[in-house]
Amino acid sequence: MRRGGAATHARDLKKFEDLRLLTGSSACASPAGVQPKPSAAKSRSRLLGALASAAACFALVACGGSAKSPGGQDPERMSEAEYDVARDLWLRQGKSREALSHALSAVELDEHNAEAAHLVALIYLGFCQRSTDECRLSAAESHARQALDSDPQFREARNTLAVVLIHQKRYADAIAVLKTLTADILYQTPENAWGNLGWAYLEHGKTDQAIDALRRSIAAQPLFCVGNYRLGLAYERKRDLNAALSSLTRALETDDPRCRSLQDAYAARARVLMKVGRADDARADLTRCQELDQKTHSGKECRSMLRNLK
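Attention in this report is confined to the structure presented alongside it. (Residues numbered from 1 in each chain as written. Predicted model: local features only at pLDDT ≥ 70, side-chain atom pairs only at ≥ 80, totals over all residues. Heavy atoms only, no water.)

### A word on the packing of aromatic side chains
Stated precisely, the cut-off is as follows: Pairing of aromatic side chains here covers Phe, Tyr and the six-membered ring of Trp, requires ring centres within 6.5 Å, and sorts the geometry by plane angle: under 30 degrees stacked, over 60 edge-to-face, intermediate tilted. Two thresholds decide whether a charge sits over a ring: the Lys NZ or Arg CZ must be within 6 Å of the ring centre and within 35 degrees of the ring normal.
Tallied over the entire structure, the rule returns 0 aromatic pairs. Looking at R230, its charged tip hangs above the ring of W199, at a distance of 4.1 Å from the centre.

### Overview of the state of the cysteines
Put simply, the rule is: A pair of sulfur atoms, both from cysteines and within 2.5 Å, is called a disulfide here. Helix and strand labels come from DSSP, where a helix needs a run of H or I of at least four residues and a strand needs a run of E of at least two; each type is numbered from the N terminus. In this scheme, a residue with accessible area under 20% of its type's maximum is buried, one over 50% is exposed, and one in between is partly exposed, where area comes from a 1.4 Å probe on protein chains only.
Using the criterion set out here, one finds 3 disulfides in the structure. Between the sulfur atoms of C289 and its disulfide partner C302 the distance amounts to 2.1 Å. Residues C289 and C302 are joined through a disulfide that is right-handed, its torsion about the S-S bond being 85 degrees. Note that C289 is positioned in helix α13 (residues 279-292) and C302 in helix α14 (residues 297-309), a separation of 13 residues in sequence. Exposure remark for C302: the relative accessible area of 0% places this residue in the buried category.

### Description of the nonpolar core
One recurring pattern in soluble globular proteins is that nonpolar side chains are buried together. To keep it simple, the criterion reads: Buried residues of nine kinds, namely Ala, Val, Leu, Ile, Met, Phe, Trp, Tyr and Cys, make up a nonpolar core once their side-chain atoms join them within 4.5 Å. What makes two residues a contact is simply this: any of their non-hydrogen atoms within 4.5 Å.
Ranked by size, the top nonpolar core spans 81 residues in total, and within it I123 and Y229 carry the most contacts. Sorting elements by how many residues they give to this core places helix α4 (residues 114-130) first, with 12 residues. In contact with Y229, other than residues within four places in its own chain, are L248, A251, L262, D264, A265 and A268.

### Quick word on helix α3 (residues 96-109)
Just so we agree on the cut-off: In this scheme, a helix's expected span is set at 1.5 Å multiplied by one less than its residue total. The arc in question is traced by the directions running from the helix axis to the C-beta atoms.
Between the first and last C-alpha of α3 there are 20 Å, a value that for 14 residues agrees with the 20 Å anticipated at 1.5 Å per step. Of the residues making up α3, those classed as buried are S96, A99, L100, A103, A106 and V107. An end-on view of α3 places all buried positions within 120 degrees of arc, on one side of the element. Looking at α3, the residues exposed on the side facing more than 90 degrees away from the buried face are R97 and E108. Those residues of α3 hidden inside the fold are in contact with α2 (75-91), α4 and α5 (137-150).

Set out below in structure tokens:
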């Protein structure tokens, strides 16, 4: 059976979208279709990478038989149950700490539960979005790699690993991982791989390569507003302000309401508008940026720029 989940609070939705940037990610595209991964040991629930949009989807497939523990409990089934609880707590209720506890229990019960290990990595990444004090990138990397060790074909976990590496400023390593993923024709959301490859190139100071990768990302999924946002940043870095403005506007005007809440894009477009002398338009973007969330890095940046405009 299929189960869908969506965070109920706007701030939780924004966090999930940011994480999907790639993931990293925040994709504004609709989630791709589900194809459960094959497994010799069992069929497991498949976490769809829909951090893009905080309206993530999942496919839960009944697991096969396995040896039971002396107490009569099946550790694999218990692990799946813990994973299911963790997933619901995180995506539906926005309870990250409780979700992490259950996800870790799922991994402890079955170290080969790739879905649970991947979820642990995503939750740790979510903490990094909230606070540097709570950020545990090494733990996120460890669990992403554990998921891949258990299932080398787990493409979403590979994408998540690359996002972790980008956050760790290990750009060359991230690029190597993402190049493999962009060449994988079976990966159902290539816009994420190309988008994150462009992000890694951009952070690595390779602007031309970033522009090429980000263009490919948008070509793969025109609704991927984060791809346009990062393309705008790349053009801004090249001082091609007209192209930057065009890309950032496309990001915010993508035919998906979630894209109109992409706070970082409002901050970036306001910067560009100020550089081209359109102060009134910049003020409108900065005001909208503040309205979305004043506590984020972009919210604080917008408040500071808005203060300087007055």
